[in-house]
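Remarks on the overall topology
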Amino acid sequence: MQIDEYILAIESSCDETSVAIVKNGEAILSNIVASQIKSHQRFGGVVPEVASRHHVEQITICLEEALEEAGIAPEELTAVAVTYGPGLVGALLIGLSAAKAFAWAHGLPLIPVNHMAGHIYAARLTQPLKFPLMALLVSGGHTELVYMVEDGSYQIIGETRDDAAGEAYDKVGRVLGLPYPSGKEIDRLAHEGEDIFHFPRAMIKEDNFDFSFSGLKSAFINLVHNAQQRDEELDSKDLAASFQASVIEVLVTKTLRACQNYPVYQLIIAGGVAANQGLRDAMQQTLEEQMPDLTLIIPPLRLCGDNAAMIGAAAHVELRKQHTAAMDLNAEPSAAFQREVV
């Protein structure tokens, strides 16, 4: 008879304080998320010190709510999981401190989880994973293609050489005068405009799986600034559509090429930018036309952003591999998967 596993997971890598209870790595019993977006909007981006202070205020509240909503007592838990990196060091330390204190107080093993692994395993909360598979991770700080031959095995085969896709969205949004975070609004505007500016598609023809969005960002900013100097008004909808068309074409083209070069059964798109409807639609259409046998998995919108349920799903794998940590576990703000050696 199999004994059910209950993992309490904590995520605090950036500007979301989240605690979840996940059963057997696939069922969400609770997933409490305290967002800080309104606090950071006035600054046009995340302020690390502000984020850390909010985590201090919210972490115990979220923990109590997660246990109550799940109907689970501490003595019923199997383990405590926590994000140790990558992320803002101050924010990570708040989650780590709470996780270690809770694990020590209740005699539970502590499981360290890589934040990006969490984003990938958000897909497991949707349907079972079949290996080998490819994952496109797109967020504010990361854009990378990760090849997985089995559970818990991560190999970066391509990544951005400068700005991440989400980072470019936020910088472009600032130029357009949109509130932070601006990805959702750019996506909405893009569906109402046309790609009339034809921004560059950086590295799209290069024989690798790397990305670059810095040139696109610069081309966008220069176009807008030059128009302002000439007192010329540009349509925000067309600007958004042109910018997004470039980002999506590069992401889809590189990802498709990677899936054609590696033996994979599934493609996962994860991270905050995975919520972008333009990207979702384009990838779905492209795969239906060129790789119809490949299964596309994109987590629901509520699991695309930072949340603790995805950390609990990834922790299930780490626990099975007996990857636990001692109480001296520290934050690794620059934690990264291994890059494939070519």
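Up top you'll find the structure we're talking about.
Summarised in this report is the structure supplied together with it. Values in this document were obtained by computation on a predicted structure and should not be read as measured data.

**With respect to the sheet that holds strand 8 (residues 155-159)**
Pairing within the open sheet is mixed, and its 6 strands lie in the order 10-9-6-7-8-11. Two strands bound the open sheet, and with one partner strand each, they are strand 10 (295-297) and strand 11 (338-339). Contacts from helix 9 (residues 277-290) reach strand 6 (133-138), strand 9 (266-270) and strand 10, with the element oriented near 170° to strand 9.

**Some remarks on the environment of Val113**
Looking at where Val113 falls in the secondary structure, it is placed in strand 5 (residues 110-114). Given the relative accessible area of 1%, Val113 is considered buried. Beyond its immediate sequence surroundings of up to four residues, Val113 is in contact with Ala81, Val82, Thr83, Tyr84, Gly85, Gly118, Ile311, Ala314 and Ala315.

**Considerations on the nonpolar core**
Counting residues in hydrophobic clusters, the biggest one holds 51 residues, and the most contacted among them are Met134, Phe213, Phe243, Ile269, Leu279 and Met283. Taken together, the elements giving at least two residues each to this core come down to strand 6, strand 7 (143-148), helix 5 (165-175), helix 6 (183-190), helix 7 (214-229), helix 8 (236-261), strand 9 and helix 9. Residue contributions to this core peak at 12 residues, all from helix 8. Apart from residues lying up to four places away in sequence, Ile269 is in contact with Leu136, Val138, Ala274, Leu279, Met283, Leu296, Ile297, Ile298 and Pro299. One finds Ala20, Val22, Ala309 and Ala313 within the second-largest nonpolar core, a separate group that totals 38 residues.

**Let's talk about the packing of helix 2 (residues 48-70) against helix 3 (residues 89-106)**
Direction vectors running N to C along helix 2 and helix 3 enclose 35°, while the axes themselves pass 9 Å from each other. You can see that helix 2 and helix 3 cross each other, and the crossing is right-handed. Within the contact between the two elements, helix 2 uses Ser52, His55, Val56, Ile59, Leu63 and Leu67 and helix 3 uses Gly90, Ala91, Ile94, Ala98 and Phe102. Its residues placed into classes, the contact of helix 2 with helix 3 shows 8 nonpolar, 3 polar and no charged.

**Topic: helix 2**
With 23 residues, helix 2 ought to run about 33 Å at 1.5 Å a step, and its terminal C-alpha atoms sit 31 Å apart, in line with that. Helix geometry: helix 2 is bent most strongly at Gln58, by close to 40°. What helix 2 keeps buried is the set Val50, Ala51, Ser52, His55, Ile59, Cys62, Leu63, Ala66, Leu67 and Ala70. Buried residues in helix 2 make contact with strand 1 (6-11), strand 2 (16-23), strand 3 (27-35), helix 1 (37-41) and helix 3. The positive-phi residue at the C-terminal boundary of helix 2 is Gly71, with phi of around 70°.

**As for the side chain of Asn307**
The residue Asn307 is located in the loop between strand 10 and helix 10 (308-320) in this model. A residue is classified by how much of its surface remains accessible, and Asn307, at 0% relative accessible area, is buried. One polar contact links the side chain of Asn307 to the main-chain carbonyl oxygen of Leu303, over a distance of 3.4 Å. Polar side-chain contacts of Asn307 include one of 2.9 Å to the backbone oxygen of Gly305.

**Topic: the pattern of salt bridges**
Summed over the entire model, instances satisfying the criterion amount to 15 salt bridges. The salt bridge involving Asp163 is made with Lys217; its shortest N-O contact spans 3.1 Å. One end of the pair, Asp163, is in the loop between strand 8 and helix 5; the other, Lys217, is in helix 7, and 54 residues separate them in sequence. Neither Asp163 nor Lys217 differs from the other in exposure class; each is buried. Notably, a salt bridge pairs Arg230 with Glu232, separated by 2.9 Å at the nearest N-O pair.

**Considering the sheet that holds strand 5**
Two modes of strand pairing occur in sheets, parallel and antiparallel, and in both the strands are linked by backbone hydrogen bonds. Read from one edge of the open sheet, 5 strands run 3-2-1-4-5, paired in mixed fashion. Where the open sheet ends on each side, the last strands, each with one partner, are strand 3 and strand 5. Averaged over all pairs of adjacent strands, the angle between their axes in this sheet comes to 20°, without regard to strand direction. By the bridge criterion, 4 bridges tie strand 1 to strand 4 (residues 79-85) in an arrangement that is parallel. When the sheet's bridge partners are listed, Ala9 is paired in strand 4 with Ala81. The sheet strands contacting helix 2 are strand 1, strand 2 and strand 3, and the helix crosses strand 2 at an angle near 25°. Lying over the sheet, helix 10 contacts strand 1, strand 2, strand 3, strand 4 and strand 5, oriented at roughly 125° with respect to strand 1.

**What to know about unusual backbone geometry**
For residues that are not glycine, phi is negative in most cases, and the peptide bond is trans in most cases. Residue Pro132 is reached from Phe131 by a cis peptide bond, and omega for that bond is 0°. Topologically, Pro132 is positioned in the loop between helix 4 (115-121) and strand 6. Here the amide bond leading from Tyr180 into Pro181 is cis, since omega sits at -10°, within 30 degrees of zero. Relative to the assigned elements, Pro181 resides in the loop between helix 5 and helix 6. The backbone of Asn24 sits at a positive phi, close to 55°, despite the residue not being glycine. Relative to the helices and strands, Asn24 resides in the loop between strand 2 and strand 3.

Quick notes on the rules
- Residues numbered from 1 in each chain as written.
- Predicted model: local features only at pLDDT ≥ 70, side-chain atom pairs only at ≥ 80, totals over all residues.
- Heavy atoms only, no water.
- Pairing = 2+ DSSP bridges.
- Helix = DSSP H or I, 4+ residues; strand = E, 2+ residues; numbered from the N terminus.
- Contact = heavy atoms within 4.5 Å.
- Axes fitted to C-alpha atoms, helices over the stretch in contact; angles between N-to-C directions.
- Buried < 20%, exposed > 50% of the residue type's maximum accessible area, 1.4 Å probe, protein only.
- Core = buried A, V, L, I, M, F, W, Y, C linked by side-chain atoms within 4.5 Å.
- Left-handed = near helix turned anticlockwise from the far one by under 90°.
- Nonpolar A, V, L, I, M, F, W, Y, C, P; charged D, E, K, R; others polar.
- Expected span 1.5 Å × (residues − 1).
- Bend = angle between axes of the 7 residues up to and from the residue.
- Polar contact = N/O pair within 3.5 Å; in protein donor to acceptor, adjacent residues only side chain to side chain.
- Salt bridge = Lys/Arg side-chain N within 4 Å of Asp/Glu carboxyl O.

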